[in-house]
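The chain contents come next:
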Amino acid sequence: GKKTEGDLEAHLNGFRFTVRKAASSDVKHVDILYRNIKHAFFQLSNKASTLILLHFRLKNPIMVGKNSTKDIQFFVEWMDDGESLVDNRRKNMYDRDEFEEENRQKEMKNKLDNE
């Protein structure tokens, strides 16, 4: 599938994913009704992954653009954009600034996990 940036909203009767930056003008939003969700999987971020995932297996396929699908997945990456994984190995665990930055990231991760 394609990765598309957007916003996922919960409504009374289902979810709506609104496309923020459309690769093509085919898809402006995708609606997923609660009654059409067969299984929902939610995965919090952990030490091995910085992604928070939400996956739906649907009872009946829906159209996403020109394609029919029974599986749809959403994710958010909680890592700061400015942080480089290469720079992580150079960090000094006793550096006060690095310690504060790590605590800030843990707080952000906990906030996102609890939303």
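All of the points below concern the structure found in this document. None of these values were measured; they are calculated from a predicted model. (Residues numbered from 1 in each chain as written. Predicted model: local features only at pLDDT ≥ 70, side-chain atom pairs only at ≥ 80, totals over all residues. Heavy atoms only, no water.)

### Notes on the nonpolar core
- Counting 12 residues, the largest nonpolar core is built from F15, F17, V19, V30, I32, I37, L54, F56, L58, I62, I72 and F74.
- Those elements giving two or more residues to this core turn out to be β2 (14-19), β3 (29-33), β5 (51-64) and β6 (67-77).
- With 4 residues, the single largest contributor to this core is β5.
- If we ignore the near neighbours within four places in the chain, the residues touching L54 are L8, F41, F42, I72, Q73 and F74. (Core = buried A, V, L, I, M, F, W, Y, C linked by side-chain atoms within 4.5 Å. Buried < 20%, exposed > 50% of the residue type's maximum accessible area, 1.4 Å probe, protein only. Helix = DSSP H or I, 4+ residues; strand = E, 2+ residues; numbered from the N terminus. Contact = heavy atoms within 4.5 Å.)

### Observations concerning the sheet that holds strand β1 (residues 6-10)
- Ordered by their spatial adjacency, 3 strands build an open sheet running β1-β2-β3, and the pairing between neighbours is antiparallel. A strand with exactly one partner marks an edge of an open sheet, and here the two such strands are β1 and β3. For this sheet, the mean inter-axis angle between neighbouring strands, taken without regard to orientation, is 15 degrees.
- As defined by bridge partners, β1 adjoins β2 across 5 bridges and the pair is classed as antiparallel. Bridging from a neighbouring strand, L8 pairs with F17 of β2. (Pairing = 2+ DSSP bridges. Axes fitted to C-alpha atoms, helices over the stretch in contact; angles between N-to-C directions.)

### Concerning the pattern of salt bridges
- Applying the stated criterion to the full structure yields 4 salt bridges.
- R16 is the salt-bridge partner of D31, the closest N and O atoms lying 2.6 Å from each other. Taken together, the residues span a long stretch of sequence, with D31 in strand β3 and R16 in strand β2 at a distance of 15 residues.
- The class for D31 is partly exposed, based on a relative accessible area of 37%.
- With a shortest N-O distance of 2.5 Å, R57 and D71 are connected by a salt bridge. With R57 in strand β5 and D71 in strand β6, this pair connects stretches of sequence that are 14 residues apart. (Salt bridge = Lys/Arg side-chain N within 4 Å of Asp/Glu carboxyl O.)

### Description of the side chain of N36
- Inspection of the secondary structure puts N36 in the loop between β3 and β4 (37-43).
- Only 2.8 Å separates the side chain of N36 from the backbone nitrogen of N60, close enough to count as a polar contact.
- Other than its neighbours up to four places away in sequence, N36 contacts R57, L58, K59, N60 and I62. (Polar contact = N/O pair within 3.5 Å; in protein donor to acceptor, adjacent residues only side chain to side chain.)

### A few points about the sheet that holds β5
- Spatial strand order, β4-β5-β6: 3 strands in an open sheet with antiparallel pairing. Every interior strand has two partners, whereas the edge strands, β4 and β6, have only one. The average angle at which neighbouring strand axes cross in this sheet is 15 degrees, direction not considered.
- In the sheet, β5 pairs with β6 via 10 bridges, with the strands oriented antiparallel. The residue bridging H55 from the neighbouring strand is Q73, located in β6.

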